[in-house]
Structures are given as structure tokens and as C-alpha cells.
Amino acid sequence: MRDIFDNSYARLPDRFYTKLPPVPVTGPQVLRVNDALARKLGLDPASLSAEVLTGNALLPGTDPLAQVYAGHQFGGWVPRLGDGRAILLGEVTGDVGRRDIQLKGSGITPYSRNGDGRAWVGPVMREYIVSEAMHALGIPTTRALGAALTGEGVQRERRYPGAVLMRVAASHIRVGTFQYFAARGDRPALRLLLDHAIARHYPDADGPLSFLAKVVEAQARLVAKWMSVGFIHGVMNTDNMAVSGETIDYGPCAFMDTYHPRMVFSSIDQQGRYAFQEQPNVAVWNLAQLATSLLPLMDGDPEHAADEATRVLEGFADHFSPEWMRLFRAKVGLTTQEDGDEALITGLLSRMASSQADFTATFTALTGGDPGDHITDEGAWDSWAPDWQARLAREPGDPKATMRAANPVLIPRNHRVEQAIQAGIGGDYAPFHRLVDALARPFDPRPEDANLATPPRVDERVLRTFCGT
Ligand code: AMP
Ligand code: MG
């Protein structure tokens, strides 16, 4: 096979990482290989053996390393985090552009702190399922190239089967990577990192300020897309925000069933810092940390630079709001713009909240079902529907087609993900495979997958998710 690796991050100075191979495991066994993605990357799916997926064997051309970064975790500053359970194998350069190939759960590194460097099969399945579902929904995300069992146990609340995920990303450069070098006052490294990130993600940015503007725009669009499908990231620490604008780090994430703007799933997010409707605010908070890290690279008077950066941050809303409106207009069948649209949409959302309606099922019921089954508050549906119908009457084209293309039928519902994980712990991976297969077609499911669209019964609801460590 032609050597398709070209490891640009590994050519940065050695204070950006520690070079080391994955720690071998005793009993590698393939869980799943994403053949289609492998081919897109120019990799032969057959080369993704159990040995390769667990890091026991390395593909030719890789140059494995653990990246260093810092971050704010729930607002608290941690000066050094880094890949404590991941190894960047290298970068492939195929038709889709440069992509990182990383192993997650691949053993101890200098950044493991008190951790064991491992992952258990639950979080690996969760990330596989949800990241691939995000991709199918058209939302920028890291992806799952494969997963394998290690044949070893991992001790958490109990002993679980160990696993490794092979993850693909446009890069693993985080807000926290910039913070790491800024906090150390390492201006030369910051400059190199900026040039590297610009070359990879925003080649037409011409300096720190325009780079910041690009990241702000990418994150604003990304978070608006999350909101449009009811996604809660759950752990939006600055080390979990990629400057590429891809969704990264599927820990205690969840898609809402019942809609509520203050919904939280993560067991460790007791203050609701990362609640559903807080996500745009948190994104701005994180981007402000990026802006602060970039200030030393900005020319001229520092005060002027800070003002300029603030102005760029304030631009978040200028990208977020139109994208949010575009997405939610489509969800109710609108492609044109009228002044009353926002009130129409928020009117629906507030009725959904007070009726404890299922987010996904309510929107799909607008085209195929009875929304009144979901918007059950007394008179709530009847007080909204006439305005909506009147608005639809002024809409050219085919509103139903607009809605069908905007409202997924299938999302990775928590209780299904949890069922797949529980079955996996017992050695049955069929529900995992079925879920991954089904979620590849979120807008147009196969008839046999239709039951995966059903919201959980009250006794099936999963209201807490846990960090996948
Ligand atoms: P996360 O909350 O998954 O974003 O992880 C935060 C930090 O903890 C990162 O530096 C991880 O590499 C590290 N970490 C998480 N789990 C483990 C583990 N099992 N072993 C070592 N490091 C870990
Ligand atoms: Mg992380």
C-alpha cells in the first residue's frame, strides 16, 4: 500500500507532544470497522485488523505521539492535561483532505495523571454510535474508523471489557492547546501552532484575529446545528473544543428526548453549566479563552488588540442567530424569511417545553402524524397551528419536503445507546451494530428500523449519563 501518512504535527517542536507508541494489549478482537470511511481516507479496510485497531501493530508511516494541552474544566483552570489515554498515530492525506488518525484507550502516557490510560467498551460504543450518527445528520464531527476489544478488563465501578476506538478528526487541536502555550508565555510555540492550525483549517486566514473570527464562525454554526437536533454535548471544557469546528469528545453527551431548555444529563454537571440552552454562551466563554491566548500574537497596542478580539467574539451571535433561524425555519417548513418567524418558532418550543413533548418526535409529527399527540397542554396546539398554517400558505415550494429533510426520524436515543452498551457488556454486540447501521439513515430509515424512532417509555428513560473515563 502507498504510504499515505504525512505527519505534520509530529514535525512541530518536541514540546508539543511526547512521542511514544500505544501500550500493547493481550487479546485484540475487532468490534467494528468503518469500511466506507476507511476507503474514503485511502486506507484498505482489511488493513484495520484487531492488532492495528488496538495499537499492537502500527500502519506503515505512522509516528505515534501524545499531544499536550491545557484547559478549563467546568471553569477551573488546569495548566496541563494532554492525551492521557489517546495516541495520535499520524495524519492521512487522501481525497477528503488531511485527517488525524488517533487511538483512544491506548494506554498510559506522560499525561495520564492518575488514570489508567484505558477505555471500557461502553464509552467506546457510545462514541462510535453518536459520532457516526452526528455525521449522518450532517453535523461536523470527529468520526469512528473502527473499534476493537483489548481482551483485558478495565476497572471502574466494576470490571468492564476494555476497548480502543480508532478516531478520525480534521485535527485534535483544541482551544486548550493554545491555552497551554499561552499560559507558559511560549510565544514562539503559539506562533507555530497558529500557523499550523491556519494551514490545516483556515488557509485564507491571515493572522490571529482572522483565525479567531473563523473559529468563532465555525463554532457558532456548529452549536446552532447541535441545538437543531436537541444535542447536549455535556462537557464543553476548553480542552474539548476543537478549533476545526468539529464536535469532539463524546463523554456524557445526549440527545434530548423530552424537550426542556435547561436539560442536563451529565452526572458531574450539577450546576447546569453545560445545559442545553447554555451551549451558545459556553461556546463564547471558551472562545474568549482562545482570544486571550492569541492576544500575544496580535500586532500593535495590546489594548487595541483586546478591543478587536472582543469585537470578533461579539460576532458569534451574528453567525449563530441566522444559522439557528435557518435550521428552525426549515424544521417548520419555511425557506423564506418573515419578521414573525422567530416568534412562531419560539412559540412552538415553549409549547413543547410546557407539554414535555419529545423534541424529535414533535418535529417529525409535523409531516407525518398528529403534533397534538405531543403538544398536549390544554389548547396549546390549537393556539399555534392556525398561525403556522397561515404562514405555510405564504411559502413557495413544498414545505413537507423541507421539513422531511430537516427533521431526523432517528437520533441516537439514550435508552437505545444504553441498551446497546448493556448488551455489549454481556457479550452481545448485535444491538450496537444494529444501532450504528440504522443511524446511518436518520431522515429516511429502513422500515425495520422504524421502532428505533419511538421515544422511551417513562420506565425506559435514561436521565443521567456518565463521563466515559
Ligand atoms: P475528558 O474529560 O475525556 O475530556 O478528559 C479530560 C482529561 O483526562 C484528558 O487529559 C484525558 O486524557 C484524561 N483522561 C480521561 N480518562 C483517562 C484515563 N482513563 N486515563 C488517563 N487519562 C484520562
Ligand atoms: Mg477530552
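Asker: How should I be thinking about the environment of A182 in this particular structure?
Answerer: Secondary-structure assignment places A182 in helix 4 (residues 175–183). Judged by its relative accessible area of 23%, A182 is partly exposed. When the C-alpha positions of A182 and S267 are compared, they lie 31 Å apart, and in sequence the two are 85 residues distant. Excluding its chain neighbours within four sequence positions, the residues that come into contact with A182 are L190 and S293.

Asker: Looking at this model, I keep getting lost on the nonpolar core. Mind explaining?
Answerer: The tendency in soluble globular proteins is for nonpolar side chains to be buried side by side. In terms of nonpolar packing, the biggest core is built from 115 residues, with I101, L145, F178, F211 and L290 touching the most fellow members. Of all the elements, helix 6 (residues 208–228) adds the most residues to this core, at 11 residues. Inspection of this core shows a minimum of three residues originating in each of domain 1 (9–169) and domain 2 (325–406). When near neighbours in sequence (up to four residues on either side) are disregarded, L145 contacts V33, N34, L37, A38, L41, L43, L48, I101, M166 and V168. Core analysis: the next-biggest nonpolar cluster, separate from the first, contains 29 residues, V124, M125, Y128 and F432 among them.

Asker: Sorry, what's going on with empty space enclosed by the protein here?
Answerer: The gaps of empty space that remain are located by a probe, the size of a water molecule, rolled over the atoms. For the structure shown, the criterion picks out 3 cavities of 30 Å³ or more. Computed from the structure, the largest cavity encloses a volume of approximately 50 Å³. Along its surface, the largest cavity is lined by Q219, L222, W226, M236, N240, M241, A242, E246, T247, I248 and N286. Take the lining of the largest cavity: its biggest share by element is 3 residues, from helix 6. A breakdown of the residues in the lining of the largest cavity according to their chemical character gives 6 nonpolar, 4 polar and 1 charged.

Asker: Would you take a moment to explain the packing of aromatic side chains for this structure?
Answerer: This model, assessed by the stated rule, comprises 21 aromatic pairs. Each ring, one from Y128 and one from F432, has its centre 5.5 Å from the other, and the planes form 85°; the classification is edge-to-face. You can see Y128 sitting in helix 3 (residues 121–136) and its partner F432 sitting in helix 15 (residues 430–439), a full 304 residues away along the chain. With respect to class, Y128 is no different from F432; both count as buried. Aromatic ring contacts, followed pair by pair, group Y259, F276, W324, F328, F359 and F363 into a single cluster. One Lys or Arg, R174, reaches over the ring of Y69 and ends 4.3 Å from the middle of that ring. The ring of F363 carries K331 above its face, with NZ or CZ at 4.5 Å from the centroid.

Asker: I keep staring at the site of ligand 1 and nothing clicks. Help me out?
Answerer: In the vicinity of ligand 1 lie 18 residues, with G82, G84, R85, G117 and D249 positioned nearest. Between R118 and ligand 1, the recorded distance is 3.3 Å, taken from a backbone N or O atom to a nitrogen atom. One nitrogen or oxygen atom from the side chain of N240 is found 3.0 Å from an oxygen atom belonging to ligand 1. Compared with its free state, where it exposes 480 Å², ligand 1 has 90% of that area covered by protein. Residues belonging to the shell around ligand 1 are distributed by class as follows: 2 nonpolar, 8 polar and 8 charged.

Asker: Can you walk me through the coordination of the magnesium ion (ligand 2) in this structure?
Answerer: The textbook angles at a metal center are 109.5 degrees for a tetrahedron of four donors and 90 or 180 degrees for an octahedron of six. Protein coordination at the magnesium ion (ligand 2): the donors are N240 (OD1) and D249 (OD), at 2.0 to 2.2 Å from the metal. Each member of the pair, N240 as well as D249, is classed as buried.

What counts and how
Residues numbered from 1 in each chain as written. Chains lettered and ligands numbered in written order. Predicted model: local features only at pLDDT ≥ 70, side-chain atom pairs only at ≥ 80, totals over all residues. Heavy atoms only, no water. Helix = DSSP H or I, 4+ residues; strand = E, 2+ residues; numbered from the N terminus. Buried < 20%, exposed > 50% of the residue type's maximum accessible area, 1.4 Å probe, protein only. Contact = heavy atoms within 4.5 Å. Core = buried A, V, L, I, M, F, W, Y, C linked by side-chain atoms within 4.5 Å. Domains from an automatic or database assignment. 1 Å grid on protein atoms, 1.4 Å probe; cavity = no way out; pocket = protein on both sides within 12 Å on 5 of 7 lines; lining within 4 Å. Points joined across faces, edges and corners; volume = space filled by probe spheres on them. Nonpolar A, V, L, I, M, F, W, Y, C, P; charged D, E, K, R; others polar. Phe/Tyr/Trp six-rings, centres within 6.5 Å; stacked < 30°, edge-to-face > 60°. Lys NZ or Arg CZ within 6 Å of the ring centre and 35° of its normal. Near = heavy atom within 4 Å. Polar contact = N/O pair within 3.5 Å; in protein donor to acceptor, adjacent residues only side chain to side chain. Areas by Shrake-Rupley, 256 points an atom, 1.4 Å probe, with all protein chains shown as cover. Donors = N, O, S within 2.8 Å, 3.2 Å for Na, K, Ca; no water.

So yeah, pure geometry; function would need other evidence.
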